[in-house]
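# A look at the structure
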2 protein chains.
Amino acid sequence: MRRVAVAGVGFIPIKEYWDRSLQDLFAEAALKAVRDAGGTEVDSVYVSNMSGSLMQDQINLGALVADSLGKPGLPAVRVEAGTASGGVAFHEAVKAVASGYSDCVLVGGVEKMSDVLPEVATTAMVMSEEQEYTAYTGVTQAGLSAMLHRLYLDLYAEPAEVGMMAVKGHDHSVGCKHAQYPFRMSIDRAMDSPMEADPIHTMECSGVGDGAAALVLVPAGESGVEVAGSAVATDCCSLTTRNDPLVFDAVKRAAEKAYRMAKVKPGDVDLAEVHDDFTIDGVLSLEALGLAKQGEAAKLVAGNATDKDGKIPVNTFGGLKARGHPLGATGLYQVAEVTLQLRGAAGDHQVPGAEVGLAQSMGGVASVSAVNILRRFGK
Amino acid sequence: MRRVAVAGVGFIPIKEYWDRSLQDLFAEAALKAVRDAGGTEVDSVYVSNMSGSLMQDQINLGALVADSLGKPGLPAVRVEAGTASGGVAFHEAVKAVASGYSDCVLVGGVEKMSDVLPEVATTAMVMSEEQEYTAYTGVTQAGLSAMLHRLYLDLYAEPAEVGMMAVKGHDHSVGCKHAQYPFRMSIDRAMDSPMEADPIHTMECSGVGDGAAALVLVPAGESGVEVAGSAVATDCCSLTTRNDPLVFDAVKRAAEKAYRMAKVKPGDVDLAEVHDDFTIDGVLSLEALGLAKQGEAAKLVAGNATDKDGKIPVNTFGGLKARGHPLGATGLYQVAEVTLQLRGAAGDHQVPGAEVGLAQSMGGVASVSAVNILRRFGK
């Protein structure tokens with residue numbers, strides 16, 4: 001199996017793009033990534049997109065984005081795994097290079113949520129749940145996470161401790177040019193905001209935005225940023241059939257496999273980008289990743305361990321809450337951010353001396369997860 | 001790169017399943033494939049599905065099908081490339097084994113079209129075209145293929161010659177237990193049927209149905225059916241920007257690459273399953289595959305060259321027209337059928353002594369195509 005390296009990254013600011021199409025946003029991020037890789041010749045394309053079918057009546061995005069790049073002809077495929085689409089597409093792109101099928105892969109994610117009313121975004125989210133058993137009840141994705149949040153508060157933490165996941169994300173986002181909400185937010189503002197789904201406050205939820213992020217993958221050379229571990233795993237779709245709903249088993253399995261591949265332990269990770277679509281999901285992700293013990297992640301975040309200069313910096317550009325969460329593109333923003341950190345090119349967001357970084361995505365309420373571990377190597 | 005073999009195939013009859021879910025249909029085909037592979041332990045799952053988002057409000061199918069197999073935890077991902085989804089998912093699954101990331105992959109496709117009104121299926125099809133330039137006009141997929149059909153009739157063939165693509169498919173389907181329409185159809189019936197999109201008659205169009213097909217892929221051993229070549233390619237999405245709209249460039253590129261990998265020429269292929277969603281698409285696919293010269297495929301089909309005992313048997317179980325065309329599952333029915341042929345297990349449909357078989361899918365009006373070439377090897 002060939003070792004795989006990240007040769008280029010590109011992304012656009014997450015905001016509302018009223019006058020541009022999915023392909024157009026994808027092309028901008030992709031061309032930036034190709035330029036960053038030194039203008040290399042891409043030989044295949046992966047595109048992650050979650051809800052183009054619902055929001056733009058658009059499928060078959062592989063062909064469309066290859067065409068938009070001025071490269072009709074290239075092999076191109078769309079990967080979808082709910083909000084984990086970006087992380088999973090990255091995993092598939094890694095395999096394409098590792099297998100020898102491709103020598104230079106462009107993997108990009110794109111999503112445009114501004115085109116639809118907010119309730120359509122809510123519908124889009126819950127389409128990741130099983131229609132026959134869960135979604136038909138009318139529950140929202142926030143509603144499902146709220147049940148976990150309530151249980152977590154009963155057992156382990158105070159509301160404001162969980163809420164600090166959002167506050168810390170916003171702290172990190174200040175000055176981030178591609179972040180949708182790059183400003184500080186106090187814990188009082190979060191706790192005083194209306195309930196989205198009790199006990200989840202609105203200001204504990206990621207927002208709605210448009211974005212695109214892309215990476216170029218090649219066989220590893222002498223030095224750079226390599227993909228040290230990459231894994232995907234799933235879990236029972238219904239929360240009620242899980243052994244312990246507060247354990248994100250998909251995240252845990254993917255992380256254990258990725259750690260094993262990378263030959264690292266959670267303690268070796270210098271920074272992590274985790275899936276905080278709601279504060280509780282970020283908290284439970286940290287625990288499933290082994291970066292905190294069960295029941296302790298909220299307190300860890302409320303302290304200073306996950307700060308930029310803490311023991312394990314988390315969501316160094318703001319996370320889903322502050323950087324933004326354009327669904328199918330999110331996982332690739334995460335991997336791009338980790339790459340910048342390992343290159344030492346993260347500017348004000350830099351974690352000094354970062355060598356190993358982790359990006360974790362999830363789809364549904366962690367019914368699927370991708371964990372990608374990157375490492376700086378060579379001189 | 002590891003050589004990859006097909007260890008198991010499974011599928012269900014294509015018909016209307018009113019009381020069963022996507023996951024349920026997938027599981028039946030998948031468990032058949034696993035049983036056919038000797039009850040092997042699958043370590044990852046690929047699922048192809050085109051329109052679950054529109055037809056069942058269901059995405060994130062990777063996690064859902066892993067769960068439905070009683071195997072939550074497995075890595076699982078959905079691949080989508082319009083009606084080429086099945087062929088493209090197979091290509092991705094091949095890479096997973098070739099790369100060493102997986103030792104036993106289950107790749108299955110599923111689609112349920114009966115749940116929706118026929119006009120929704122029409123909408124689903126045209127979502128593969130670019131919304132901003134093509135689909136917004138209100139044109140249907142049949143309407144786009146009709147333009148090619150008209151041009152082909154102007155230049156190369158008589159309507160009844162193109163129509164024979166459907167007639168021959170129906171001839172081959174007789175006795176096929178998984179075919180949706182296993183009966184003979186005369187050319188008069190096709191030519192007398194109403195226009196779907198002039199000059200395409202209704203009886204030149206594939207129908208609407210539900211189905212699921214699956215394969216198990218493993219590293220190649222001593223003998224069996226191997227994946228000799230596997231490739232995906234794209235083309236300009238708009239017909240108006242192509243050099244010659246009667247040349248399916250995506251099919252041509254994918255075929256050339258797959259032939260090169262397999263070290264075979266078109267003349268070495270013993271049978272082909274081609275994408276005849278409309279008769280003209282089957283005809284143009286044969287030409288792009290190099291199985292007929294430009295402008296000659298319709299006459300070839302109207303003769304006896306593509307019959308079961310002809311020079312190059314085509315659509316030996318009926319093709320999309322007679323076996324059926326459940327969108328995202330179709331490409332995997334094709335590969336499963338080719339596998340049966342190469343095993344000598346095709347019963348009344350057997351092409352004697354078949355050693356090399358080809359399956360070709362396309363999405364949109366050939367804006368994307370997958371070509372997979374299988375070969376019998378060993379004793």
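Residues numbered from 1 in each chain as written. Chains lettered and ligands numbered in written order. Predicted model: local features only at pLDDT ≥ 70, side-chain atom pairs only at ≥ 80, totals over all residues. Heavy atoms only, no water.

### Digging into the overall build of chain A
Check the secondary structure of chain A and you find 13 helices and eleven strands. If one aligns the C-alpha atoms of chain A with their principal axes, the spans along those axes are about 55 × 45 × 40 Å. Looking at the 379 residues of chain A, the share that counts as buried comes to 68%. When contacts within chain A are restricted to residue pairs at least 6 apart in sequence, those whose partners lie at least 24 apart make up 77%. (Helix = DSSP H or I, 4+ residues; strand = E, 2+ residues; numbered from the N terminus. Buried < 20%, exposed > 50% of the residue type's maximum accessible area, 1.4 Å probe, protein only. Contact = heavy atoms within 4.5 Å.)

### Side note on the relation of the copies chain A and chain B
For the pair of chain copies, the relating transformation is a rotation about an axis with a translation along it. Superposing chain A onto chain B requires a rotation of 180° together with a translation of 0.0 Å along the rotation axis, leaving an RMSD of 0.0 Å. Those values place the two copies in the arrangement expected of a two-fold rotation axis. Identified as the residue of chain A closest to the rotation axis by C-alpha distance is A:Ser99, at 1.8 Å. An overlap of 100% is found between the interface residues of chain A and their copies at the interface of chain B, pointing to a shared contact surface. (Least-squares fit on C-alpha atoms with pLDDT ≥ 70 in both.)

### A word on the state of the cysteines
All names here are of chain B. Scanning all chains against the criterion turns up zero disulfides over all chains. Left without a disulfide partner, Cys236 is nearest to the cysteine sulfur of Cys237, which lies 7.7 Å away. A relative accessible area of 14% means that Cys236 is categorised as buried. (Disulfide = S-S within 2.5 Å.)

### Here we look at the pairing of strand S8 (residues 224-234) of chain B
Residue and element names in this part refer to chain B. The buried count for S8 comes to ten of eleven residues, which makes it a mostly enclosed element. Pairing of strand S1 (residues 4-11) with S8, which is carried by two bridges, proceeds in the antiparallel orientation. Residue Ala5 lies in a different strand from S8, and its bridge partner there is Glu226. (Pairing = 2+ DSSP bridges.)

### Topic: the nonpolar core
When a protein is soluble and globular, its nonpolar side chains tend to lie buried together. Formed by 154 residues in total, the largest nonpolar core has its most connected members in A:Phe90, A:Leu106, A:Leu217, B:Phe90, B:Leu106 and B:Leu217. Not counting residues within four places of it along the chain, the set of residues in contact with A:Phe90 comprises A:Val6, A:Val107, A:Leu215, A:Leu217, A:Val227, A:Leu332, A:Val335, A:Asn372 and A:Leu374. A:Leu148, A:Ala166, A:Cys205 and A:Ala292 belong to the second largest nonpolar core, which has 56 residues in total. (Core = buried A, V, L, I, M, F, W, Y, C linked by side-chain atoms within 4.5 Å.)

### Topic: the pairing of strand S11 (residues 368-377) of chain B
All names here are of chain B. Taken across its ten residues, S11 has eight buried, putting it largely inside the fold. Both S8 and S11 contribute to a ladder of ten bridges, which runs antiparallel. Paired with Ala231 across the bridge in S11 is Val371. Joining the antiparallel neighbours strand S10 (residues 356-363) and S11 is a turn of four residues, in which Gly364 adopts a positive phi near 60°.

### Thoughts on the interface of chain A and chain B
Taken together, the 61 residues of chain A in the interface contact 61 residues of chain B. For the pair chain A and chain B, the interface holds two salt bridges. Among the ionic pairs, B:Arg78 bridges to A:Glu80, the shortest N-O distance being 2.7 Å. The tally of links from chain A across to chain B stands at 31 residue pairs in polar contact (both at pLDDT 80 or more). Elements that contribute at least two residues to the side of chain A that touches chain B include exactly helix H2 (52-55), helix H3 (61-68), strand S3 (76-80), helix H4 (85-98), strand S8 (224-234) and helix H9 (249-262) of chain A. Considering every element that reaches the side of chain A that touches chain B, the biggest residue donor is H4(A), with seven residues. Here the residues of the side of chain A that touches chain B are counted per class, giving 29 nonpolar, 19 polar and 13 charged. In terms of strand pairing, S3(A) meets strand S3 (residues 76-80) of chain B through three bridges, oriented antiparallel. (Salt bridge = Lys/Arg side-chain N within 4 Å of Asp/Glu carboxyl O. Polar contact = N/O pair within 3.5 Å; in protein donor to acceptor, adjacent residues only side chain to side chain. Nonpolar A, V, L, I, M, F, W, Y, C, P; charged D, E, K, R; others polar.)

### Observations regarding the packing of helix H7 (residues 159-173) of chain B against helix H10 (residues 279-288) of chain B
Residue and element names in this part refer to chain B. One can describe the packing of H7 onto H10 by two numbers: an axis separation of 8 Å at closest approach and a directional angle of 95°. When the axis of H7 is compared with that of H10, the two are roughly perpendicular. Across from Val162, Gly163, Met165 and Ala166 in H7, the residues of H10 making contact are Thr279, Ile280, Gly282, Val283 and Leu286. (Axes fitted to C-alpha atoms, helices over the stretch in contact; angles between N-to-C directions. Parallel < 35°, antiparallel > 145°, perpendicular 65-115°, else oblique.)

### Focus: empty space enclosed by the protein
In this structure the tally under the stated criterion is four cavities of 30 Å³ or more. Secondary structure elements with two or more residues in the lining of the largest cavity: H4 and S8 of chain A together with strand S2 (44-48) and S3 of chain B. Broken down by class, the residue content of the lining of the largest cavity amounts to eight nonpolar, four polar and three charged. Counted as a void, the second largest cavity has a volume near 50 Å³. Lining of the second largest cavity is provided by B:Met165, B:Lys168, B:Gly169, B:His172, B:Asp276, B:Val301, B:Thr306, B:Val314, B:Asn315 and B:Gly318. Here the lining of the second largest cavity takes four residues from H7(B), the largest share from any one element. A class-by-class count of the residues in the lining of the second largest cavity yields three nonpolar, five polar and two charged. (1 Å grid on protein atoms, 1.4 Å probe; cavity = no way out; pocket = protein on both sides within 12 Å on 5 of 7 lines; lining within 4 Å. Points joined across faces, edges and corners; volume = space filled by probe spheres on them.)

### A short note on the packing of aromatic side chains
All names here are of chain B. Scanning all chains against the criterion turns up six aromatic pairs over all chains. Note on Phe11 and Tyr333: the rings are 5.9 Å apart at their centroids and 40° apart in plane angle, and the pair reads as tilted. A residue pair is termed long-range when its members are at least 10 positions apart, and Phe11 in strand S1 and Tyr333 in helix H13 (residues 330-343) qualify at 322 residues. Take Tyr333: its relative accessible area is 0%, and that puts it in the buried class. Looking at Arg3, its charged tip hangs above the ring of Phe377, at a distance of 4.9 Å from the centre. (Phe/Tyr/Trp six-rings, centres within 6.5 Å; stacked < 30°, edge-to-face > 60°. Lys NZ or Arg CZ within 6 Å of the ring centre and 35° of its normal.)

### So, unusual backbone geometry
Residues and elements named next belong to chain A. Geometrically, the link from Asp198 to Pro199 is a cis peptide bond, its omega value of 10° lying close to zero. Turning to its location among the elements, Pro199 is positioned in the loop between strand S5 (195-197) and strand S6 (200-201). With a phi close to 55°, Asn60 is a non-glycine residue in the positive phi region. Mapped onto the fold, Asn60 is located in the loop between H2 and H3. The exposure class assigned to Asn60 is buried, which follows from its relative accessible area of 1%.

### Some thoughts on helix H4 (residues 85-98) of chain B
Residues and elements named next belong to chain B. Relative to the 20 Å expected for 14 residues at 1.5 Å per residue, H4 spans 20 Å between its end C-alpha atoms, a close match to the ideal helical length. Of all 14 residues that make up H4, 14 are buried, and the element is covered over most of its length. Looking one or two residues beyond H4, the residue adopting positive phi is Gly100, at roughly 90°. (Expected span 1.5 Å × (residues − 1).)

### Concerning the confidence of the model for chain A
Atomic detail in the predicted coordinates should be set aside for any region of low pLDDT. Counting all residues, the mean pLDDT for chain A is 97, and 100% of those residues have values of 70 or more. We note a pTM of 0.98 for the whole complex and an ipTM of 0.97 for its interfaces. (pLDDT = per-residue confidence, 0-100.)

### Thoughts on the pattern of salt bridges
In total, this model carries 40 salt bridges over all chains according to the counting rule given. Between A:Glu226 and A:Arg375 there is a salt bridge whose closest N-O contact spans 3.4 Å. In this pair, A:Glu226 is assigned in strand S8 and A:Arg375 in strand S11 (residues 368-377), connecting sequence segments 149 residues apart. For the salt bridge of B:Arg323 with B:Glu273, the shortest nitrogen-to-oxygen distance reads 4.0 Å. In this pair, B:Arg323 is assigned in the loop between helix H12 (319-322) and H13 and B:Glu273 in strand S9 (residues 271-273), connecting sequence segments 50 residues apart. Assessed through its relative accessible area of 1%, B:Arg323 is described here as buried. If you follow the salt bridges from partner to partner, you end up with A:Arg20, A:Asp24, A:Glu28 and A:Lys32 in one network.

### Details of the environment of A:Gln56
As for its placement among the helices and strands, A:Gln56 is situated in the loop between H2 and H3. For the pair A:Gln56 and A:Met113, spaced 57 residues apart in sequence, the C-alpha to C-alpha distance is 9.2 Å. In this structure A:Gln56 touches A:Leu22, A:Ser51, A:Lys112, A:Asp115 and B:Gln131, once residues within four positions along its chain are discounted.

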